[in-house]
Amino acid sequence: MTISRRSAIAAIGSSFTFFVPDIPLFGQTLRTRYSVDTPSGQAMLSKYAQAVARMSASTMAQKDPRSWLFQWYIHALPKPKSSELARVYGSGSSTMKTIASEIWQTCQPHFSGSDPNMFLPWHRMYLLTFENIIRSVLSDATFTLPYWDYTRPGYRSIPAMFRKASSSPSGSLYRANRRTGTVNINAGDPMDKGSSGNPYGLDAMNRTVYAGTTGFCTTLDKTLHGNVHTGIGDSTNMGKIPTAANDPIFWLHHCNIDRIWAGWNKLGGVNNYAAKNFTFASPDPKGKRVVMSSTAVGDTVALGYQYDGLPAAPSSTATVSPLARSAGPRPLRSIARSERMTRLNRTETRIPLSIATNGLVSGSIAPSTSTERVYLVLTGLSANVEPGTLYDVFLGLPPSATAQEKKARYLGTFSFFGTSGEHAHGGEAGPSFDVTDRLRQLRARNLLGSDISVTILPVGSSSSEAAPMVGTVELLRQ
C-alpha cells in the first residue's frame, strides 16, 4: 500500500492534532527498530527502561497522557472505566477526562462493535503514538522501540533485562506475576517448554489474503499473538486483555507482530481492510488528540520507520508470490467437521470429525493436487476465565501416545487469549492451521488411517474455573 503525506492527514478540531508521518524526504534517514538481542537493540532497551521508570514514577500524574497508567488504559482497563475515570480525574469534567473517556479501552478487536480486521492497524497506531510519548519523556528524538523475535528457536526466553527485579533502571521492566510452575518465565524458561510442536512459528506468513477465516490477520492474531500472551502471563498479567499492556514486554511483543506484518507485505501481501479512524493521545500533557486512519498506516516506510530485518515465510509451505496473492484464493470447502460443541478436559480431549457430504472427492483428507491447501479451523472458542495454558492439537493421536507419535501428528497450538468475558474478540473466527504438509507426511508414511479425530492436549495445568469450550473443529480444503 502506497501512502502519501496528504492521505495520512486526519480530521482535526480544537483539541486534535494532525497526523503526518515522518516520511523521509531528500535523503533523510528512516528510523530503524532493532532486534532486542543486537547491540543497537540493547541500547534502545536501556532507554526504554528509563522511560518506563519515569512514566511509572509517582511524580508523573496518572492523568498525564505520558503516564504508564494512561498508556496502559488505552488498550484496556482491569476495572470499570467509569470508576477509574472518577478516581484519576475526579467527579467533575475536564478536557483530559473527556479525552481519556474517548481513548481508553479502545483496543481492536476486543470490545463490542470492534473490527477483527483492525487488529494490526490499531496496534500499529498504538505503537507509533507510544513511541512518540517515550521520545517526549526522554527528550530523545532518536528512540525507537526494540522488538523481541521469539519466532526463532533458542530465543523464546524473555530477554534477560525483563527478569531483573532489583536493578535500576531495568527493574522497571520486571513483573513478578508472569507465568510460573512448569514454565517459569522470570527464571528464563523458554515459552515453548513442554509443547510437542512449535507454538511460536510463522505459519501466518503463508496466508495469501489479509482477511477471512484463514487470512493473515486472523491467523496471526489467534495463534502466534495469543500464544505469546498466554505463554508469558497469567490472568493478572499478559495472559488477560485488561492487564496485558501493564507488562513492559507487551510493547516488544507487539513490535514483533508489527514487524511480521511488514514482512508479509514485503512478500507481496495486500492489506485489504476498510478505512477507519482511531484516536490516541499526543505527548502534550494538556491534552491533544491524535487521529489516524487505518488506510494511512499500511506502509512502515511511509510512516518513517523500518526494521533491521524482516521475517520470511517458512520455505516448506505455500507459495507466497505477489501473483498468487493478487489472483486470490479458491473458495474453502468443508471436508470434515465435529458435530457438536465440546468442553475441553483438563487432561486430553478427543473430538471425532465426520466426513462432510461430497467433501472427499479423492477419498482422502490429504490434498489431492500440488496446489491444494488443507486447513484445520477451530471456531466458537469461549471460557469462563482464561484457562492459563496453551493447547496442542493432534490428528489421529493414539491413546498413551509417545513423544515421537505426538511430534508426527502435531498440527498446531492455540490459546484462549481474548475469549472470556466482555473482552472476547468480536466474531466467531478462531485459530486456523495449514495442515497440508503434515497430511502429506502422514499419508507418505501410511499413518493417515480411517481415524479422523482431533486430540487437544493442554500444555500445562489449566484453571478449574475456566470450562473452555470449542464450538466446531473443521477441515477445510482450498
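Quick summary incoming for the structure in this document. (Residues numbered from 1 in each chain as written. Predicted model: local features only at pLDDT ≥ 70, side-chain atom pairs only at ≥ 80, totals over all residues. Heavy atoms only, no water.)

## Observations concerning the environment of Ile-351
In this structure, Ile-351 sits in strand S8 (residues 349–352). By relative accessible area, Ile-351 is classed as buried at 3%. Not counting chain neighbours up to four residues away, the residues in contact with Ile-351 comprise Ser-338, Thr-342, Ser-453, Val-454, Ile-456 and Val-473. (Helix = DSSP H or I, 4+ residues; strand = E, 2+ residues; numbered from the N terminus. Buried < 20%, exposed > 50% of the residue type's maximum accessible area, 1.4 Å probe, protein only. Contact = heavy atoms within 4.5 Å.)

## A few points about the layout of surface pockets
Empty space among the atoms becomes visible once a probe the size of a water molecule is rolled across them. Looking at the largest pocket, its volume works out to about 760 Å³. For the largest pocket, the lining is made up of 32 residues, of which Asn-198, Asp-203, Tyr-410, Leu-411 and Asp-434 are closest to its centre. Looking at the lining of the largest pocket, the elements that each hand over two or more residues are helix H6 (216–232), strand S12 (410–414), strand S13 (432–434) and helix H11 (436–444). (1 Å grid on protein atoms, 1.4 Å probe; cavity = no way out; pocket = protein on both sides within 12 Å on 5 of 7 lines; lining within 4 Å. Points joined across faces, edges and corners; volume = space filled by probe spheres on them.)

## Examining the pairing of strand S6 (residues 333–337)
Note: S6 against strand S16 (residues 472–477), four bridges, orientation antiparallel. Across the sheet, Arg-333 pairs through a bridge with Arg-477, a residue of S16. Sheet topology places S6 next to strand S9 (residues 354–355); two bridges connect them, and they run antiparallel. Counterpart to Arg-337 in the pairing with S9 is Ser-354. (Pairing = 2+ DSSP bridges.)

## Here we look at the sheet that holds strand S11 (residues 391–395)
Reading across the sheet, the four strands line up as S8-S14-S11-S12 and stay open at both edges, with antiparallel pairing between neighbours. Two strands close off the open sheet at either side, each with one partner strand: S8 and S12. Here the average twist between neighbouring strands, direction ignored, is 20°. Judged from the four bridges that link them, S11 and S12 form a sheet pairing that is antiparallel. Along S12, the bridge assignment pairs Phe-394 with Tyr-410. (Axes fitted to C-alpha atoms, helices over the stretch in contact; angles between N-to-C directions.)

## A few points about H6
A rise of 1.5 Å per residue sets the reference length of H6, with its 17 residues, at 24 Å; its end C-alpha atoms lie 23 Å apart and thus fit the reference within 8%. By the largest-angle criterion, Gly-226 marks the main kink of H6, which is about 30°. (Expected span 1.5 Å × (residues − 1). Bend = angle between axes of the 7 residues up to and from the residue.)

## Section: empty space enclosed by the protein
For the structure shown, the criterion picks out one cavity of 30 Å³ or more. Approximately 30 Å³ is the volume found for the largest cavity. Forming the boundary of the largest cavity are Phe-119, Leu-120, His-123, Arg-124, His-254, Ile-257 and Asp-258. Of all the elements in the fold, those that place two or more residues in the lining of the largest cavity are helix H5 (119–138) and helix H8 (249–266). Sort the elements by how many residues they give to the lining of the largest cavity and H5 lands first, with four residues.

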